[in-house]
Structures are given as structure tokens and as C-alpha cells.
Amino acid sequence: MSPAGEPGPAGEKLLDVVDLAKTFPNGTRAADDVSFTVARGETLGVVGESGCGKSTTAKMVLRLLQPDRGTVTFAGTDVLRARGRDLKEVRRGLQLVPQNPQTSFNPRLTVRSSLEFNLRAHGVARRAWRSTVDDMLVRCGLRAEQGDSYPHELSGGQLQRAAIARALVTGPDLVVCDEAVSALDKSVQAQVLNLLAELQSDLGVSYLFISHDLSVVEHISDRVLVMYLGRVVEQATAGSLYRDPAHPYTKALLSSAPGAPGERIVLTGEPPNPADPPSGCTFRTRCPWVMDTCAAERPLLAVTPTGSLAACHLNLTSRPALAAPSPA
Ligand code: SF4
């Protein structure tokens with residue numbers, strides 16, 4: 001597996017996001033110079049608490065939201081400036097599996113009609129629709145005849161499988177899964193994660209997998225990006241991140257997961273107001289290791305002794321000694 005910050009296992013860079021920034025009219029800084037890459041066939045997990053900017057980032061990648069600055073390059077095309085045929089190809093190659101399948105399907109259309117709509121939008125000949133839809137439904141663990149069901153006739157898990165089929169039916173290169181299993185029961189969640197992994201190995205598709213749940217991301221990701229208050233605070237291979245987290249925020253998130261070994265690091269307080277973030281390191285108001293420098297200087301992402309990237313002053317100097325501070 002490649003080092004953090006570099007393209008993943010397959011090597012070829014498919015998505016390249018550079019310095020993406022977005023501030024909403026109410027002053028909320030939802031994304032602050034977010035940069036990452038996704039390689040062909042790779043899964044990049046993006047985690048963080050609600051409101052950290054992960055879904056905003058996904059929307060900008062999909063061109064559903066215009067960033068204030070930054071670039072998104074997909075398969076060599078400038079996504080934010082693409083027009084005509086190039087834009088159509090970007091739309092086909094970049095697909096979305098949203099969080100809630102109940103609201104993402106038109107209740108008046110059968111599942112088959114929704115999938116066919118996607119094929120029609122991308123110029124696939126009508127004679128190929130039935131076989132293409134049937135094949136994708138079966139690949140996604142449904143029966144072909146379930147395509148003739150209306151959304152309310154399927155369970156939540158079946159409908160999410162249909163949503164995955166809808167995303168994959170156009171043969172995309174990259175699928176953005178935005179909290180795609182968060183609404184499902186744990187047992188169904190595991191089945192859908194296994195399905196996504198199988199489809200990736202069969203079709204070679206890449207995933208940008210967004211979740212607030214670190215344990216979900218662990219099972220599917222090659223690399224993981226951790227966001228806090230609109231910024232990337234850590235980027236690492238999944239193995240390195242879960243074995244040896246470099247940033248205090250990641251360490252705290254992992255320590256609070258159910259069944260996590262070792263001492264729990266309790267974060268006090270809520271995340272600060274994103275419209276008025278703290279100076280320097282935005283995590284400093286909740287960080288157990290905060291130092292004077294943290295208020296004065298914004299820590300930039302830098303390579304740690306384990307090969308990850310982390311934005312923390314402490315990380316650069318005393319990473320091996322990083323452990324929960326003793327209560328005063
Ligand atoms: Fe904590 Fe300072 Fe590191 Fe921020 S820079 S995570 S406040 S030690």
C-alpha cells in the first residue's frame with residue numbers, strides 16, 4: 001500500500017482535489033483548503049463529526065456545490081470548468097450513493113425506471129436497458145424482478161442495494177458514498193459493506209466513502225482522511241491510522257469507539273462554532289495536549305514518523321510519546 005498522501009494501491013491518480021474551500025453566507029467555513037487524491041480502484045474513507053465539512057466536500061467534488069476556490073480534476077478533466085461532452089462524461093464517471101435511499105428514489109417510479117433514467121441520461125441505447133439493469137440488480141444482490149417494485153415495497157437494505165445499482169449502472173469510475181450505510185441496521189450495514197467491496201474487486205471502481213463512524217470506514221478503506229471543522233487533520237493508510245493514530249483528534253475518536261483497547265480520551269465540549277473558529281489549531285479548545293503555540297500558529301499537514309500526514313505541532317516533535325495526559 002502506498003504512503004499517505006500518495007495514490008493508493010492501483011497507482012493511477014483518478015481524482016485530484018486541491019485546496020478546496022467553501023464559506024457559506026452565514027460565515028460557516030465548511031471546507032478550508034481540503035486536498036486529497038483517490039487512485040483508480042482505491043477507497044478513500046473520509047471521517048469526522050457531523051458538520052466537519054465532509055459532505056460539503058463531497059458535493060463540491062460532484063459539482064453539486066460551487067467552491068470559493070480550489071480545483072477538482074477527475075480522469076484528467078477539470079470538473080469545475082467542464083462543459084458539454086466533457087461535463088457529461090464527468091457526470092457518468094462520478095456517481096453518488098446517498099445516505100437515505102427512501103428519499104433518493106422517486107416514489108412514483110419503479111426501481112427499474114429509476115435505473116433506466118440514469119442510462120437514458122447517459123446516452124445508452126434503449127435496447128440495452130433491460131439486460132443492463134437486470135445484470136446490475138443481480139450483481140447488487142437483488143432479483144431482476146425486484147426491479148419492477150416501487151421503492152416502498154423494498155426494505156431499507158434492499159433499497160440501498162438498488163441505490164448502489166443505480167450508481168453503478170452507467171459504469172462509473174468513482175462512486176461517492178455519502179453516509180451510505182449510516183441509516184441501516186448493523187447486520188445489514190455489514191452486508192452492504194461486503195457488497196461494495198465485492199463490486200470494487202469485480203468492477204475496479206473507486207470509492208470516496210464518507211462516514212461519521214470510524215469503525216465503518218476501517219473495513220472498507222485503503223486510506224483514511226480525518227476532518228475537523230473544515231480542515232484535514234490527518235491522512236494515513238487505514239492500517240497505520242487504526243494502529244497508530246498521529247493526531248490527537250483521531251486518537252480521541254478511536255479511543256471512544258465501543259470496545260476500543262486502552263484508556264478512553266474524553267473530549268470536553270462541543271466543536272466550536274464553524275463561523276468563528278479558534279485561532280491557530282481549531283482543535284485546541286478540546287485538545288488534551290494543547291500548548292501555547294497551538295493558539296498562535298496553524299499547524300500544517302506534515303509527514304509523521306509513521307509516514308502519515310498530520311496537522312499538529314506536537315506531532316512533529318514528540319510523536320512517539322503521544323499518550324493520554326494524566327489528570328492534573
Ligand atoms: Fe492539540 Fe496543539 Fe496538536 Fe492542535 S496543534 S492537535 S491543539 S497539540
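Small disclaimer: the values here were computed from a predicted structure and weren't measured. (Residues numbered from 1 in each chain as written. Predicted model: local features only at pLDDT ≥ 70, side-chain atom pairs only at ≥ 80, totals over all residues. Heavy atoms only, no water.)

Time to look at the overall build of the chain. Looking only at helices and strands, the chain has 12 helices and 12 strands in total. Here the C-alpha radius of gyration of the chain, 21 Å, is about what a compact globule of 328 residues would show, namely 20 Å. The buried share of the chain, reckoned over its 328 residues, is 53%. Of the charged side chains in the chain, 34 are positive and 34 negative; the average position of the first set lies 6 Å away from that of the second. (Helix = DSSP H or I, 4+ residues; strand = E, 2+ residues; numbered from the N terminus. Rg over C-alpha atoms; globule rule 2.2 N^0.38 Å. Buried < 20%, exposed > 50% of the residue type's maximum accessible area, 1.4 Å probe, protein only. Lys, Arg positive; Asp, Glu negative; His and termini not counted. Charge placed at Lys NZ, Arg CZ, Asp CG, Glu CD.)

Bringing the site of the ligand into the picture now. In the vicinity of the ligand, the contacting residues are H247, P248, C281, F283, R284, C287, W289, C294, P299, C312, H313 and L314. Partitioned by chemical class, the residues of the shell around the ligand number nine nonpolar, two polar and one charged. (Near = heavy atom within 4 Å. Nonpolar A, V, L, I, M, F, W, Y, C, P; charged D, E, K, R; others polar.)

This part takes up the packing of aromatic side chains. On inspection of all chains with the given rule, the structure shows three aromatic pairs. Taking the centre distance of 5.0 Å and the plane angle of 80 degrees together, the rings of Y228 and F283 count as edge-to-face. Of the two residues, Y228 sits in strand β9 (residues 223-228) while F283 sits in the loop between α10 (248-255) and α11 (292-296), which places them 55 residues apart along the sequence. Pair check on accessibility: Y228 and F283 agree, each one buried. Measuring from ring centre to ring centre gives 5.3 Å for Y249 and F283, while their planes differ by 65 degrees; the resulting arrangement is edge-to-face. (Phe/Tyr/Trp six-rings, centres within 6.5 Å; stacked < 30°, edge-to-face > 60°.)

Per the stated rule, a full pass over the model turns up 19 salt bridges. R40 is the partner of E12 in a salt bridge, and the nearest nitrogen-oxygen pair spans 3.1 Å. Placement of the pair is E12 in the segment before β1 (13-23) and R40 in the loop between β2 (29-39) and β3 (43-47), with a sequence separation of 28 residues. Put simply, K186 and D213 hold a salt bridge, and the shortest N to O gap is 3.6 Å. With K186 in helix α7 (residues 186-203) and D213 in the loop between β8 (206-211) and α8 (214-220), this residue pair connects regions lying 27 residues apart in the sequence. Classification of K186 as exposed rests on a relative accessible area of 56%. Overlapping salt bridges bring together E12, R40, E89, R92 and D173 as one network. (Salt bridge = Lys/Arg side-chain N within 4 Å of Asp/Glu carboxyl O.)

We now examine the sheet that holds strand β7 (residues 174-178). As summarised here, the arrangement of the eight strands in space is β6-β7-β8-β3-β9-β10-β12-β11, forming an open sheet in which the pairing is mixed. The strands lining the two open edges of the sheet, one partner per strand, are β6 (94-97) and β11 (302-303). Sheet analysis places β3 next to β9, joined by four bridges and oriented parallel. Bridged to G45 within β9 is V224. Along the sheet, α7 makes contact with β3, β7 and β8, crossing β8 at roughly 160 degrees. (Pairing = 2+ DSSP bridges. Contact = heavy atoms within 4.5 Å. Axes fitted to C-alpha atoms, helices over the stretch in contact; angles between N-to-C directions.)

A separate point is the nonpolar core. Core analysis: the largest hydrophobic core is formed by 61 residues, its most contacted members being I164 and F209. Considering each element in turn, this core owes the most residues, seven residues, to helix α6 (residues 156-168). Setting aside its immediate chain neighbours within four residues, F209 contacts T43, L44, G45, V46, C177, V181, L193, L196, V216, V217 and I220. (Core = buried A, V, L, I, M, F, W, Y, C linked by side-chain atoms within 4.5 Å.)

In this model, the chain carries a mean pLDDT of 90, and residues with pLDDT of at least 70 account for 92%. Low pLDDT, under 50, characterises residues 1-10; the stretch is placed with 29 contacts to residues that sit more than four places away or in other chains. Contacts from residues 317-322, a stretch scored under 50 in pLDDT, to residues over four places away or in other chains number 10 contacts. (pLDDT = per-residue confidence, 0-100.)

Okay, the environment of G53 next. Note that G53 resides in the loop between β3 and α1 (54-61). Given the relative accessible area of 7%, G53 is considered buried. For G53 and R29, which are 24 residues apart along the polypeptide, the C-alpha to C-alpha distance reads 8.3 Å. Sequence-distant contacts of G53, that is, excluding residues within four places in its chain, are made with A30 and M227.

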